[in-house]
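Observations on the three-dimensional arrangement
If you want the building blocks of each chain, they are given just below.
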Amino acid sequence: MSMIAVDYDGLIPNNVGLGHDVRVKRALEKWHPGYIGWWMDMGPDGFQNALVYLRTAIGVDPKGWAKFDYVRMPEYRWGILLAPQREGRKIAFGSHKGEDAWQEVPGEYRAMLRRLIVIQGDTEPASVEQQRHLGKTAPSLYDLRNLFQVNVEEGRHLWAMVYLLHKYFGTDGRDEAEALLERRSGDPDTPRMLGAFNEKTPDWLSFFMFTYFTDRDGKMQLESLAQSGFDPLSRTCRFMLTEEAHHMFVGETGVTRIVQRTCEAMKEAGIKDPYEIEKIRKLGVIDLPTIQKKANLHFSLTLDLFGNEISTNAANAFHAGLKGRFREERLTDDHQLENGTYPVLRFMDGEIRKDDTPALSALNMRLRDDYVADCQLGVDRWNKVIAEIGIPFELKLPHVAFHRHIGEFSRTNADVDGKVLSPAEWTHKRTDFLPSEADKSFIESLMEPHYEVGKFASWIAPPKVGIDNKPGDFEYVKIHDA
Ligand code: BYC
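Scoring rules and cut-offs
Residues numbered from 1 in each chain as written. Predicted model: local features only at pLDDT ≥ 70, side-chain atom pairs only at ≥ 80, totals over all residues. Heavy atoms only, no water. Helix = DSSP H or I, 4+ residues; strand = E, 2+ residues; numbered from the N terminus. Rg over C-alpha atoms; globule rule 2.2 N^0.38 Å. Buried < 20%, exposed > 50% of the residue type's maximum accessible area, 1.4 Å probe, protein only. Contact = heavy atoms within 4.5 Å. Areas by Shrake-Rupley, 256 points an atom, 1.4 Å probe, with all protein chains shown as cover. Lys, Arg positive; Asp, Glu negative; His and termini not counted. Charge placed at Lys NZ, Arg CZ, Asp CG, Glu CD. Near = heavy atom within 4 Å. Polar contact = N/O pair within 3.5 Å; in protein donor to acceptor, adjacent residues only side chain to side chain. Expected span 1.5 Å × (residues − 1). Axes fitted to C-alpha atoms, helices over the stretch in contact; angles between N-to-C directions. Left-handed = near helix turned anticlockwise from the far one by under 90°. Nonpolar A, V, L, I, M, F, W, Y, C, P; charged D, E, K, R; others polar. Salt bridge = Lys/Arg side-chain N within 4 Å of Asp/Glu carboxyl O. Pairing = 2+ DSSP bridges. Phe/Tyr/Trp six-rings, centres within 6.5 Å; stacked < 30°, edge-to-face > 60°. Lys NZ or Arg CZ within 6 Å of the ring centre and 35° of its normal.

Broken down by element type, the protein chain carries 12 helices and seven strands. For 482 residues, the compact-globule formula gives about 23 Å, and the C-alpha radius of gyration of the protein chain, at 23 Å, lands near that figure. Once the C-alpha set of the protein chain is aligned to its principal axes, its extents read approximately 65 × 65 × 40 Å. Scored against the burial criterion, the 482 residues of the protein chain give a buried share of 57%. Taking all contacts inside the protein chain whose residues are at least 6 apart in sequence as the whole, residues at least 24 apart take part in 72%. Element-wise, carbon and sulfur atoms account for 50% of the exposed surface of the protein chain, whose accessible area totals about 20,000 Å². Distance between charge centres in the protein chain, computed from 61 positive and 73 negative side chains, equals 2 Å.

Written as structure tokens, this is what we have:
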């Protein structure tokens, strides 16, 4: 049965018939206080009593799933929402291609499936932890509201994975759900599982780069998991993707607005050379070369999230029908990949070159290629803004070998053009490519809160359109009405 209506009566809004599933309902109600405890300890620092103009999911019908209203964040209705079941859905790839999608966990793949769900689940609270201090330096109420919207939805994505663990994985699922509340981003003893989720998000430029680049990895991974033969995972990822789109919008428009403000300020001051950094910084805006360095950092950290270029884990997950490719259904090959090859960029004999590799082993690489192409689209739009204002500068994605910690290129030091450097050259040039301490302190010096209605920090342009079509003077967060 396809369920669209959401039951809002109980503690946990849902469209999965939780009211009739006493075991899972009780287990989730038991998990709930721990979640709220985590949110109060590790969610946004301050603002928990502020009234935030948030979007809450009230259905899964694409035409009207969201409702906007003022909500105190701890009272947000985090719910379990799965996209409607597709009658007769078949597994689209791997060795089970053509068989009915699984409604229960296939025993032979239990451990692999649980691992994928736990990794996905772990990233969601991690990002909230990374962003918890940002409210204190928000450049406007509009941005503050967007930060909190992203945060509550990441919280909901955690609920989505925890539901799957409780419903389908018995005692070990319950243990994993507890552990998701115990790990902490950046904690040396109990870190989050993937590298980029243990890094700091120290300022708003990083926040926008993170939501542009790292949430886009979220999109790619969720698209691949949405292909899963395990139908409940597919359905939950399909709905999560609708929320993820807003997070990437926040990132893309955030960087656009910073770039726009910088270029406008340069034009007003008659500065043509984007490398006149000190002069530009005196205008209270972020110079384009520093924006480029932040992009280099966040892009390279995010590439690590795709795992090793050549991966048996990825091959096994595809073969088993658990994790597909980006938009698998639009691809025209045999969807089994037993024979074909895929060109993988490798570090061999001291140089970077392409190597044809069995396609099944190269799935992480392939997804990463799709990701890079998707990232480029937004970079092109940023460059259009720069060109329209008439500043001679182009933002670029660095080479995929640059600043890597996982995979082929973790063994080498490549610059942003993919030129292999000696360790000494790398040390010498590092701050040409990545933010230096001076760059970081300059950005930090700009991070002052702007909580007046309709006002924005000097370094960011106002958005073109308000959220939910609200006017420019709309009070997106009522901080003092608490
Ligand atoms: N850090 O065979 P390999 C999101 C480990 S973001 C640390 O290449 P595989 C979001 C790996 O675990 C999307 N360790 O790995 C965005 C393995 O260890 P074991 C999150 C790493 O499995 C913003 C070993 O190295 N979702 O949603 O092919 C805000 C061998 O590696 C890393 C997913 O990632 C790393 N970066 O690929 C909020 C989807 N990379 O098991 C949310 C689920 C690899 O041998 N995850 N290792 O001890 C997966 O599909 C895969 O596990 C990975 C890794 C793509 C992560």
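Taken together, 29 residues form the shell around the ligand, and within it Gln120, Asn308, Ser311, Lys323 and Asn364 come nearest. In this structure, Lys323 approaches the ligand through a side-chain N or O atom, which is 2.5 Å from an oxygen atom. Within the side chain of Asn364, a nitrogen or oxygen atom sits 2.8 Å from an oxygen atom of the ligand. Alone, the ligand offers 1,000 Å² of accessible surface; in the complex the protein occludes 80% of this. Listing elements by their share of the shell around the ligand, those giving two or more residues are helix 2 (110-130), helix 5 (204-226) and helix 9 (312-319). No other element matches helix 2, which puts seven residues into the shell around the ligand.

Here the focus is helix 4 (residues 170-182). When the terminal C-alpha atoms of helix 4 are compared, their 19 Å separation across 13 residues agrees well with the 18 Å that a helix rising 1.5 Å per residue should span. Within helix 4, burial applies to Gly173, Glu176, Ala177, Ala179, Leu180 and Leu181.

This brings us to the packing of helix 1 (residues 22-42) against helix 3 (residues 141-168). Put simply, helix 1 and helix 3 touch, their axes get as near as 11 Å, and they point 145 degrees apart. Note on packing geometry: the crossing formed by helix 1 with helix 3 is right-handed. Contacts from Arg23, Val24, Ala27, Leu28, Trp31, His32, Tyr35 and Trp39 in helix 1 reach Asn151, Val152, Gly155, Leu158, Trp159, Val162, Tyr163, His166 and Lys167 in helix 3. For the contact of helix 1 with helix 3, the residue count by class is 11 nonpolar, four polar and two charged.

A few words on the pattern of salt bridges. It is possible for side chains of opposite charge to pair when their charged atoms get near one another. Following the criterion strictly, the structure yields 35 salt bridges and no others. Of the charged contacts in the structure, one is a salt bridge between Glu129 and Arg192, with a shortest N-O distance of 2.7 Å. Residue Glu129 is found in helix 2, and its partner Arg192 is found in the loop between helix 4 and helix 5; the two are separated by 63 residues along the sequence. Its salt-bridge partner being Arg261, residue Glu264 comes within 3.4 Å of it at the nearest N-O pair. Here the residue Glu264 and the residue Arg261 both occupy positions in helix 6 (residues 231-269), the gap between them amounting to three residues, near one helical turn. Classification of Glu264 as partly exposed rests on a relative accessible area of 25%. Salt bridges sharing common partners tie together Asp122, Glu129, Arg183, Arg184 and Arg192.

The next point concerns the side chain of Ser234. Within the fold, Ser234 resides in helix 6. Exposure remark for Ser234: the relative accessible area of 0% places this residue in the buried category. At 2.7 Å, the side chain of Ser234 and the backbone oxygen of Ala226 are in polar contact. Contact partners of Ser234, with chain neighbours within four places excluded, come to Arg89, Leu225, Ala226 and Ser228.

Pairing in this open sheet of three strands is antiparallel, and the strands run 2-1-7 from one edge to the other. Edge positions in the open sheet fall to strand 2 (66-72) and strand 7 (477-478), since each of these has one partner strand only. In terms of strand pairing, strand 1 (residues 51-57) meets strand 2 through seven bridges, oriented antiparallel. Its bridge partner being in strand 2, Leu51 is matched across the sheet by Arg72.

Once that is clear, we can look at the packing of aromatic side chains. Any two aromatic rings considered together are summarised by their centre-to-centre distance and by the angle between their planes. For the structure shown, the criterion picks out 34 aromatic pairs. Three or more aromatic residues joined by ring pairs form one cluster here, namely Trp31, Tyr35, Trp38, Trp39, Tyr76, Trp78 and Trp159. Just above the ring of Tyr212 sits the side chain of Arg216; from NZ or CZ to the centre is 4.2 Å.

Now for the pairing of strand 4 (residues 351-358). Pairing of strand 3 (residues 341-348) with strand 4, which is carried by eight bridges, proceeds in the antiparallel orientation. In the sheet register, Met348 faces strand 4, and the bridge partner there is Glu351.

The next thing to look at is helix 8 (residues 288-303). Since the α-helix turns once every 3.6 residues, residues separated by three or four places project in the same direction. Between the first and last C-alpha of helix 8 there are 22 Å, a value that for 16 residues agrees with the 22 Å anticipated at 1.5 Å per step. Of all 16 residues that make up helix 8, 15 are buried, and the element is covered over most of its length.

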